[in-house]
Amino acid sequence: MTEVHQTLDARNLSCPMPVLKSKKALKALEINQVLEILTTDPGSMADIPAWTRTTGQELISAEELGPKDYRFLVRRRN
Amino acid sequence: MTESISQSITLPSEEKPKRMAIIASAGTLDAAYTPVILASTAAAMDMEVAIFFTFYGLNLIHKKKSKKLKVSPIANPAAPMPVPNIIGMIPGMTGMATWMMNRWMKKANVIKFLELRDVCLESGVRMIGCQMTMDVMGIKEEELIDGCELGGAASFLEFAKDADITLFM
């Protein structure tokens with residue numbers, strides 16, 4: 001079980017807000033700390049991983065918990 | 001081993017950030033979203049971004065006009081309320097299409113254009129107003145929002161020549 005240091009509730013937000021808020025929230029963490037991101041935007045299943053790949057952050061997991069219910073764990077790497 | 005560690009530590013700072021250059025030339029509400037959505041997201045993806053606002057695109061950084069951007073139902077079969085052009089000409093139809101578009105966006109929880117533009121400014125997106133267009137349209141510098149710069153074709157090209165992504169909107 002990965003330890004979560006901060007949770008970002010980005011539910012009911014649509015593109016591009018989940019990524020913009022994730023970026024802000026991650027920057028507030030220390031290196032190696034983990035951000036949990038909750039979203040309802042189906043586009044975030046593609047966008048959050050694209051954002052982590054581009055910025056060199058670590059995507060620990062991307063889960064679809066149910067219809068329009070997504071959870072991501074991202075570790076700050078830089 | 002030591003080398004790979006030092007590489008991974010120094011890489012982010014040594015690597016040149018990706019760069020995106022956008023020309024925003026349209027001044028309607030529907031066209032306003034694309035540049036600010038892409039610019040704010042690119043900034044969140046650690047890219048350097050500049051938007052060059054030219055011709056009608058200047059509306060998007062005009063203090064007053066940017067608060068009342070509209071969607072035209074004329075010659076716009078994809079408008080929120082597609083109507084024949086002859087109907088679209090009736091007074092009030094532009095207001096109606098604009099109202100419908102705003103309602104669409106709200107229903108889909110899309111953040112407002114003005115808020116996205118603020119995010120762009122906060123995250124360091126450079127907003128450049130086209131000086132020549134301002135002269136043509138009689139727009140003064142103080143009519144533009146705070147935080148933007150003025151420049152011409154050369155200013156945009158100087159930034160865009162090293163861009164990884166260049167878009168005309």
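Residues numbered from 1 in each chain as written. Chains lettered and ligands numbered in written order. Predicted model: local features only at pLDDT ≥ 70, side-chain atom pairs only at ≥ 80, totals over all residues. Heavy atoms only, no water.

Novice: Talk me through the layout of surface pockets; I want residue IDs and the actual numbers.
Specialist: All names here are of chain B. Considering only enclosed or pocket space, the second largest pocket measures out at about 360 Å³ in volume. Lining the second largest pocket are 18 residues, with Leu29, Tyr33, Asn102, Lys112 and Phe113 sitting closest to its centre. For the lining of the second largest pocket, the secondary-structure elements that each account for two or more residues are helix 2 (29-44), helix 4 (93-107) and helix 5 (113-122). Looking at the lining of the second largest pocket, the element that brings in the most residues is helix 4, giving 5 residues. (1 Å grid on protein atoms, 1.4 Å probe; cavity = no way out; pocket = protein on both sides within 12 Å on 5 of 7 lines; lining within 4 Å. Points joined across faces, edges and corners; volume = space filled by probe spheres on them. Helix = DSSP H or I, 4+ residues; strand = E, 2+ residues; numbered from the N terminus.)

Novice: Outline a nonpolar patch on the surface, supporting the account with residue identities and numerical values.
Specialist: Together, B:Phe55, B:Tyr56, B:Met132, B:Val136 and B:Met137 line one region of the surface with nonpolar side chains, adding up to about 530 Å² of accessible area. As for its position among the elements, B:Val136 is in helix 6 (residues 131-137). (Patch = residues over 30% accessible without salt bridge, like charges linked within 9 Å, V, L, I, M, F, W, Y side chains within 5 Å. Areas by Shrake-Rupley, 256 points an atom, 1.4 Å probe, with all protein chains shown as cover. Salt bridge = Lys/Arg side-chain N within 4 Å of Asp/Glu carboxyl O.)

Novice: Kindly report on the sheet that holds strand 3 (residues 58-66) of chain A, identifying the contributing residues and their values.
Specialist: All names here are of chain A. Within the open sheet, the 4 strands sit side by side as 1-2-4-3. Their pairing is mixed. Lying at the two open borders of the sheet, with one neighbouring strand each, are strand 1 (6-10) and strand 3. Strand-to-strand twist across the sheet, computed as the mean angle between neighbouring axes with direction ignored, equals 15°. Pairing of strand 1 with strand 2 (residues 34-39) involves 5 bridges; the strand directions are parallel. Residue Gln6 lies in a different strand from strand 2, and its bridge partner there is Leu35. Its contacts with the sheet put helix 2 (residues 44-55) on strand 2, strand 3 and strand 4 (69-75), and the angle it makes with strand 4 is roughly 5°. (Pairing = 2+ DSSP bridges. Axes fitted to C-alpha atoms, helices over the stretch in contact; angles between N-to-C directions. Contact = heavy atoms within 4.5 Å.)

Novice: Talk me through the pairing of strand 3 of chain A; I want residue IDs and the actual numbers.
Specialist: Residues and elements named next belong to chain A. The pairing of strand 3 with strand 4 spans 7 bridges and is classified as antiparallel. From the neighbouring strand, Ser61 faces strand 4, where its bridge partner is Leu73. Hairpin connection from strand 3 to strand 4: 2 residues lie between these consecutive antiparallel strands, with Lys68 at a positive phi of about 55°.

Novice: I'd like to hear about the interface of chain A and chain B, residue by residue, with values.
Specialist: At the interface, 14 residues of chain A touch 15 residues of chain B. The junction of chain A with chain B conceals about 1100 Å² of combined surface from both sides, 67% of it contributed by carbon and sulfur atoms. Close ionic contact of B:Asp46 with A:Lys23 constitutes a salt bridge, the shortest N to O distance being 2.4 Å. The tally of links between chain A and chain B comes to 5 residue pairs in polar contact (both at pLDDT 80 or more). If you list the elements that add at least two residues to the side of chain A that touches chain B, you get helix 1 (17-27) and helix 2 of chain A. Within the side of chain A that touches chain B, the residues separate by chemical class into 8 nonpolar, 5 polar and 1 charged. (Buried area = accessible area lost by both parts, 1.4 Å probe. Polar contact = N/O pair within 3.5 Å; in protein donor to acceptor, adjacent residues only side chain to side chain. Nonpolar A, V, L, I, M, F, W, Y, C, P; charged D, E, K, R; others polar.)

Novice: Describe the packing of aromatic side chains, listing the residues and the values that go with them.
Specialist: All names here are of chain B. Taken as a whole and assessed by the stated rule, the structure comprises 1 aromatic pair over all chains. Each ring, one from Phe52 and one from Phe156, has its centre 5.4 Å from the other, and the planes form 40°; the classification is tilted. Remark: Phe156 occurs in helix 7 (residues 153-160) and Phe52 occurs in strand 2 (residues 48-53); sequence separation between them is 104 residues. (Phe/Tyr/Trp six-rings, centres within 6.5 Å; stacked < 30°, edge-to-face > 60°.)

Novice: How would you summarise the pairing of strand 2 of chain A if you had to cite specific residues and measurements?
Specialist: Residues and elements named next belong to chain A. Burial of strand 2 is extensive: 6 of the 6 residues sit out of reach of the surface. Handedness of the β-α-β unit built from strand 1, helix 1 and strand 2 comes out right-handed. Bridge count for strand 2 against strand 4 is 6 bridges, and the pairing is antiparallel. Paired with Thr39 across the two strands is Tyr70, which belongs to strand 4. (Buried < 20%, exposed > 50% of the residue type's maximum accessible area, 1.4 Å probe, protein only. Right-handed = clockwise from strand over helix to strand, strands pointing away.)

Novice: How would you explain the pattern of salt bridges if you had to name every residue and give the values?
Specialist: All names here are of chain A. Counted by the stated rule, this structure contains 9 salt bridges over all chains. Ionic pairing is found between Glu63 and Arg71, a salt bridge with its closest N-O pair at 2.8 Å. Exposure remark for Glu63: the relative accessible area of 29% places this residue in the partly exposed category. Accessibility expressed as a relative area gives 16% for Arg71, which makes it buried. Among the ionic contacts, a cluster of salt bridges with common partners joins Glu36, Glu63 and Arg71.

Novice: So what about the confidence of the model for chain A? Which residues, and what values?
Specialist: Per-chain confidence: chain A averages 95 in pLDDT, with 100% of residues scoring 70 or above. Element-level pLDDT for chain A is lowest in helix 2 of chain A, with a mean of 95, against a maximum mean of 98 in strand 2 of chain A. (pLDDT = per-residue confidence, 0-100.)

Novice: If you had to explain the sheet that holds strand 4 (residues 149-151) of chain B to someone new, which residues and values would you point to?
Specialist: Residues and elements named next belong to chain B. Ordered by their spatial adjacency, 5 strands build an open sheet running 4-3-2-1-5, and the pairing between neighbours is parallel. Each edge of the open sheet carries a strand with a single partner, namely strand 4 and strand 5 (165-168). Across the sheet, the mean angle from the axis of one strand to that of its neighbour is 20°, orientation sign disregarded. Pairing analysis gives 3 bridges linking strand 3 (residues 126-130) to strand 4, with the strands arranged parallel. The residue of strand 4 that forms the bridge with Gly129 is Leu150. Contacts from helix 7 reach strand 1 (19-24), strand 2, strand 3, strand 4 and strand 5 within the one sheet, and its direction differs from that of strand 1 by about 150°.

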